[in-house]
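# Observations on chain architecture
The primary structure of each chain is shown beneath.
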Amino acid sequence: MKLDRKEILKALESLTIAGEGKNMVESGAVTNVVTFGEEAIVDLTISTPAMHIKKRAEDDIRKLIQEKFNPEAKVKVNIKVEAPEKPNEIKGKAIPGIKNIIAVASGKGGVGKSTTTANLAVTLAKMGFNVGVLDADIYGPSMPIMFDVETEKPISVTIDGKSKMKPIESYEVKILSIGFFTAPSQAVIWRGPMASKALNQMIFDADWGELDFMLIDLPPGTGDIHLSIVQSLPITGAVIVSTPQAVALADAKKGVAMFQSDSINVPVLGIIENMAYFTPEELPQNKYYIFGQEGAKNLAEDLNVPFLGEVPIVQSIREAGDYGRPAALQTGSPLETVFEEIARNVVQETVSRNENLPPSEAVKITTMAGCSAVKK
């Protein structure tokens, strides 16, 4: 069956680019349609270079033409990305002075996300960056212990006539955590709205100063706290932490999917594999893959996101965290090298993201927009 250009153009009015309100013809995304017998070529220009959005647009167009006109049709979609001007201008409700906001997440608890965040923070600080850490794990704050500031209390300072919290500083890293405002033995029994309000206060009512990186240590899962963060802040990108075992990878995959979903659309900078292997101190050349081998690395390849590096199981990492001196501070040790490589990769992916993607915006989520079951 011979394809008709005008009919295809009319049919394309039923499709939209993910994240845009108008259909792809009305918005000007479809720049040209050419037909040759049973072959159709569609030229598309979009503003978001995210791989999953390009793939979805291509699949939607191919499926529409083949289902509506000819199941044997050969469909080629040429996609061109034109990012909006001023790609480095942060939009949304940004925090003045903070250049990059990195969310560190994991779909599953117990994979060492907080330990990874703390070591990444001190490594970036050692590299000369101004770094802050927001402990967003409201129900299980770890940063006060890991930075040996468990008994510290933030003081109030006046900035431009307004009272602000001054973050606690340790190892040249600025830190705020709900753990500073509760007793160590006190359980935080809050519903989602209260937790979200507390987070907003630590974000916007604090004197963070000039930061190159703010790392946000998120709780496990994909719930209220995660939505509150992406609604409140223009997140530059997300880093996912996982162990190599299958049950952790399944949840890590959900974490990646959450950030890449149409309603959130936060770039994933990459995946870090924690507890990758065990090396006994007396046998430094031996590697024992207790939780499986290269599971997170393979997941990164499958999801087409960068692999940022692997962290071994070493007793001193646990000990250093418990004593409040992150292991990455051990000068000349293999662990210092491990975290330096991961930090360099995070910086590289952040620079690449800022050069090639439009700026993030704080996500606007209505009551039902965040629900994947709701058809938009």
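Below: a short report on this structure.

Reading guide: rules and limits
- Residues numbered from 1 in each chain as written.
- Predicted model: local features only at pLDDT ≥ 70, side-chain atom pairs only at ≥ 80, totals over all residues.
- Heavy atoms only, no water.
- Phe/Tyr/Trp six-rings, centres within 6.5 Å; stacked < 30°, edge-to-face > 60°.
- Helix = DSSP H or I, 4+ residues; strand = E, 2+ residues; numbered from the N terminus.
- Buried < 20%, exposed > 50% of the residue type's maximum accessible area, 1.4 Å probe, protein only.
- Arc of directions from axis to C-beta.
- Contact = heavy atoms within 4.5 Å.
- Pairing = 2+ DSSP bridges.
- Axes fitted to C-alpha atoms, helices over the stretch in contact; angles between N-to-C directions.
- Parallel < 35°, antiparallel > 145°, perpendicular 65-115°, else oblique.
- Nonpolar A, V, L, I, M, F, W, Y, C, P; charged D, E, K, R; others polar.
- Expected span 1.5 Å × (residues − 1).
- Right-handed = clockwise from strand over helix to strand, strands pointing away.
- Core = buried A, V, L, I, M, F, W, Y, C linked by side-chain atoms within 4.5 Å.

## Considering the packing of aromatic side chains
Given two aromatic rings, one states the distance between the centres and the angle between the planes to describe the pair. Taken as a whole and judged by the stated rule, the model has three aromatic pairs. Ring centres of Phe129 and Phe213 lie 5.2 Å apart, and the angle between their planes is 90°; this geometry places the pair in the edge-to-face category. Taken together, the residues span a long stretch of sequence, with Phe129 in the loop between helix H3 (113–126) and strand S5 (131–135) and Phe213 in strand S10 (residues 211–217) at a distance of 84 residues. For Phe129, a relative accessible area of 24% gives the class partly exposed. For the pair Tyr277 and Tyr289, a centre-to-centre distance of 6.1 Å together with 65° between the ring planes defines the contact as edge-to-face.

## Some thoughts on helix H9 (residues 315–322)
Each full turn of the α-helix corresponds to 3.6 residues, which orients residues three or four apart in the same direction. Residues of H9 that are buried include every one of Ile317, Ala320 and Gly321, and no others. Seen along its axis, H9 keeps its buried residues to an arc of 100°; they face one direction. At its buried positions, H9 is contacted by H3, helix H4 (143–146), strand S13 (307–313) and helix H10 (334–356).

## So, the side chain of Thr279
Its place among the elements puts Thr279 in the loop between strand S12 (268–278) and helix H8 (295–303). Sequence-distant contacts of Thr279, that is, excluding residues within four places in its chain, are made with Pro284, Asn286, Lys287 and Ile313.

## Description of the sheet that holds strand S3 (residues 74–81)
With respect to topology, three strands assemble into an open sheet ordered S1-S2-S3, the strand pairing being mixed. One side of each edge strand has no neighbouring strand; the edge strands of this open sheet are strand S1 (30–36) and S3. Across this sheet, the average inter-strand angle for adjacent strands is 15°, counted without regard to direction. Strand direction decides the pairing type here: strand S2 (residues 39–46) and S3, joined by eight bridges, are parallel.

## Description of the packing of H3 against H10
Packed helix pairs are characterised by how far apart their axes lie and by the angle those axes make with each other. Contact geometry of H3 with H10 gives a least axis separation of 9 Å together with a crossing angle of 80°. Between H3 and H10, the crossing angle belongs to the class labelled roughly perpendicular. Packed against H3, whose contacting residues are Asn119, Leu120, Thr123, Leu124 and Lys126, the element H10 presents Glu336, Phe339, Glu340, Ile342, Ala343, Val346 and Val347 at the interface. Partitioned by chemical class, the residues of the contact of H3 with H10 number seven nonpolar, two polar and three charged.

## Overview of helix H2 (residues 51–68)
When the terminal C-alpha atoms of H2 are compared, their 26 Å separation across 18 residues agrees well with the 26 Å that a helix rising 1.5 Å per residue should span. Here H2 has its buried residues at Ile53, Ala57, Ile61, Leu64 and Ile65. The buried residues of H2 occupy an angular sector of 95° when projected down its axis, which confines them to one face. Turned more than 90 degrees off the buried face of H2, the exposed positions are Met51 and Glu67. Among the structural elements, helix H1 (5–11), S2 and S3 are those in contact with the buried residues of H2.

## Considerations on the pairing of S12
Remember that side chains alternate between the two faces of the sheet whenever the strand is regular. The buried fraction of S12 amounts to nine of the 11 residues, a majority that puts the element mostly inside the structure. In this structure, strand S11 (residues 237–242) lies alongside S12, joined through five bridges in parallel fashion. By the bridge assignment, Val239 is partnered in S12 with Gly270. Where S12 lies against S13, five bridges are found, and the strand directions are parallel. In the sheet register, Glu273 faces S13, and the bridge partner there is Glu310. Crossover S12 to S13 through H8 is right-handed.

## Quick notes on the nonpolar core
Counting 77 residues, the largest nonpolar core has Leu134, Phe147, Ile216 and Phe259 as the members making the most contacts within it. For this core, the leading source of residues is H10, giving seven residues. In this structure, Ala11, Ala29, Leu44 and Ala73 belong to the second largest nonpolar core, which totals 24 residues.

## So, the sheet that holds strand S4 (residues 98–105)
In spatial order, the strands read S8-S9-S5-S10-S4-S11-S12-S13; together these eight strands make up an open sheet with mixed pairing. Unpaired on one side and paired on the other, strand S8 (168–170) and S13 mark the two borders of the sheet. When the angles between neighbouring strand axes are averaged without regard to direction, this sheet yields 25°. H10 rests against S4, S10, S12 and S13 of the sheet, and its axis sits at about 160° to S13.

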